[in-house]
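An overview of the molecular structure
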Amino acid sequence: MKTVNHWIGGKTVEGASGNYGPVTDPATGEVTTQVALASADEVDAAVRVAQEAYQTWGQSSLAARTKVLFAYRALLDANRDTIAELITAEHGKVHSDALGEVARGLEIVELACGITTQLKGELSTSVSSRVDVAAIRQPLGVVAGITPFNFPAMVPMWMFPLAVACGNTFILKPSEKDPSAANKLAELASEAGLPDGVLNVVHGDKVAVDALLAHPGIAAVSFVGSTPIARHIHTTASANGKRVQALGGAKNHMLVLPDADLDAAADAAVSAAYGSAGERCMAISAVVAVGAIGDALVEKIRERAEKIKIGPGNDPASEMGPLITAAHRDKVASYVKGAADQGADVVLDGTGYTVDGFEKGHWIGLSLLDNVKTDSDAYRDEIFGPVLCVLRAETYEEGVALINASPFGNGTAIFTRDGGAARRFQLEIEAGMVGVNVPIPVPVGYHSFGGWKDSLFGDHHIYGNDGIHFYTRGKVVTTRWPDPSEGHIGVDLGFPRNH
């Protein structure tokens, strides 16, 4: 059986705790790998390695850092398929989707390659007599990232490229469900010339997470995952004096107005709801149909959903793969099975779906629920699976009010031909990312990613300018070089004044 160990100090380090967790191929249901689970002592050892590396890396030149990052970008590009294959084998998503994940992560590496511009400071000369003031940004030290199973390559790359570009050293704790991609990212960084100890990967479960949150040697923690865990991460790490960005769950809505192109809206709804089997924090999981278009829109979605090819992620014919675990599959199925009892019309029931030859895989088909009530479990909870809920609203205003009443505020979209309505929507909707005729409004790397309300805990969004600010802290330097001809100014106990 394959074993995934830690990556600390530029090399593979076997787990000292003796604890290992299983990693399953979701398409077959077979355990193919075991991953080391770190103890608190192992986390401490990794932090000490990162602290030592910071003494040099934190003082390194921007030229030295960007040289490594450019080389890293080239190696990632050359190894796209290898990384995608690791993702498919352990997560289950289809290969093309895994390639898209790697491409998104590469965008942030490219942004990090331009860190010389992003870290330019400010200088104000002659603010007072022969006094200049400069504002600079400096790294924090050792920072950590705790990342989810659904994007085992992209989300880590949202974090560590910017963190190390800013001069920090990094400890990554990826999901124990699909750990191999994280190690490959670290190995390629080492091959690109990143000094030992700058990027470390510590595998583990709650024990490792709690150790990271409590460790006094870690200055900041980045997290992406569910809302309950994000709230815990934010509360615990903040109480331990750390800077925190914790991105939580979502219930992303798509508002479809009566004037919208219904074929385009249906295409978008199917793509955004069922891509990656719905295991995306930016998945559209609720469509709000406004006016009399509801029945026609639901029928168009049903027609398209029934044609989606489900199968192993390494089969080029597959459009959607399995879910990450059997337990998660069963949880997703429970929402569909209970939908009718809570007032929904079950248009498509994907529970009980299997794939010939892969009967033990974590399969579930596409489900479509119509006339869903806002107090039902299928609407209130983040299902994180291929289940699309359709709700009805009589007017634009009613639809917006429905969306804004949700405790989540990650992303949302509107489909319309009306520019005035679209403009109102982007200003009135309470969400951090908005799409206009774009179903999954994930910002490009040089804009920040993040939601509102229960979808974000902390003051900073991730990547973009917010990411750079998160991984640095400001310092203002006031300088005066007196003119020798003036002589000494003398003692003055008054408050300093500019003159």
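Data block above holds the structure.
We now examine the overall build of the chain. Along the backbone of the chain there are 16 helices and 23 strands. Relative to the 2.2 N^0.38 estimate, which gives 23 Å for 499 residues, the radius of gyration of the chain is 25 Å and therefore close to what a compact globule would have. Burial analysis of the chain (499 residues in total) assigns 54% to the buried set. As displayed, the chain has an accessible area near 20700 Å², and 52% of this comes from carbon and sulfur atoms. Separation between the mean location of the 41 positive side-chain charges and that of the 58 negative ones in the chain comes to 5 Å.

With that out of the way, let us pick up the side chain of arginine 65. You can see arginine 65 is positioned in helix α2 (residues 62–78). In this structure, arginine 65 is buried with no salt-bridge partner, the nearest side chain bearing the opposite charge being aspartate 196 at 16 Å. The residues touching arginine 65, leaving out its near neighbours within four places in the chain, are Trp57, Gly58, Ser60, Leu119, Val164, Ala165, Cys166 and Gly167.

Sheet analysis places strand β6 (residues 122–128) next to strand β7 (residues 131–139), joined by four bridges and oriented antiparallel. Its bridge partner being in β7, glutamate 122 is matched across the sheet by alanine 135. The turn joining β6 and β7, which pair antiparallel and follow one another in sequence, is formed by two residues; a positive phi near 55° is taken by arginine 130.

On to the state of the cysteines. Counting across every chain of the model gives zero disulfides. As a non-bridged cysteine, cysteine 166 has cysteine 113 as the owner of its nearest cysteine sulfur, 13 Å distant. When its relative accessible area of 1% is taken as the criterion, cysteine 166 is described as buried.

Within a sheet, each strand pairs with its neighbour through backbone hydrogen bonds, oriented either parallel or antiparallel. With mixed pairing, three strands are arranged side by side in an open sheet as β1-β5-β4. Each of the sheet's edge strands pairs with one partner strand only, and the pair in question is β1 (2–4) and β4 (20–25). Looking at each pair of strands side by side, their axes are set apart by 35° on average, direction ignored. As defined by bridge partners, β4 adjoins strand β5 (residues 30–36) across six bridges and the pair is classed as antiparallel. Paired with glycine 21 across the bridge in β5 is valine 35. Across the face of the sheet, helix α3 (residues 80–91) comes into contact with β1, β4 and β5 while running at roughly 100° to β4.

All right, on to unusual backbone geometry then. Even without being a glycine, serine 126 presents a positive backbone phi close to 55°. In this fold, serine 126 is placed in strand β6. Looking at serine 126, the relative accessible area reads 56%, which means it is exposed. Backbone geometry places tyrosine 463, a non-glycine residue, at a positive phi of 50°. Tracing the backbone through its elements, the reader meets tyrosine 463 in the loop between β22 (456–458) and α16 (464–470). Take tyrosine 463: its relative accessible area is 2%, and that puts it in the buried class.

All right, on to the packing of aromatic side chains then. For the coordinates displayed, the defined rule picks out seven aromatic pairs. Measuring from centroid to centroid gives 6.2 Å for tyrosine 72 and phenylalanine 160, while their planes differ by 50°, and the two rings are tilted. Taken together, the residues span a long stretch of sequence, with tyrosine 72 in helix α2 and phenylalanine 160 in helix α6 (residues 154–165) at a distance of 88 residues. A single burial state applies to tyrosine 72 and to phenylalanine 160, both of which are buried. Members of the aromatic cluster, joined through ring pairs, are Tyr72, Phe160 and Phe170.

Relative to the elements of secondary structure, lysine 93 occurs in the loop between α3 and α4 (95–113). Residue classification places lysine 93 among the buried positions, given a relative accessible area of 2%. Only 2.8 Å separates the side chain of lysine 93 from the side chain of glutamate 101, close enough to count as a polar contact. Once you skip the residues sitting within four places of it in the chain, lysine 93 turns out to touch Ile87, Thr88, Ala98, Glu101, Asn150, Phe151, Ser276 and Gly313.

Rules and cut-offs
Residues numbered from 1 in each chain as written. Predicted model: local features only at pLDDT ≥ 70, side-chain atom pairs only at ≥ 80, totals over all residues. Heavy atoms only, no water. Helix = DSSP H or I, 4+ residues; strand = E, 2+ residues; numbered from the N terminus. Rg over C-alpha atoms; globule rule 2.2 N^0.38 Å. Buried < 20%, exposed > 50% of the residue type's maximum accessible area, 1.4 Å probe, protein only. Areas by Shrake-Rupley, 256 points an atom, 1.4 Å probe, with all protein chains shown as cover. Lys, Arg positive; Asp, Glu negative; His and termini not counted. Charge placed at Lys NZ, Arg CZ, Asp CG, Glu CD. Salt bridge = Lys/Arg side-chain N within 4 Å of Asp/Glu carboxyl O. Contact = heavy atoms within 4.5 Å. Pairing = 2+ DSSP bridges. Disulfide = S-S within 2.5 Å. Axes fitted to C-alpha atoms, helices over the stretch in contact; angles between N-to-C directions. Phe/Tyr/Trp six-rings, centres within 6.5 Å; stacked < 30°, edge-to-face > 60°. Polar contact = N/O pair within 3.5 Å; in protein donor to acceptor, adjacent residues only side chain to side chain.

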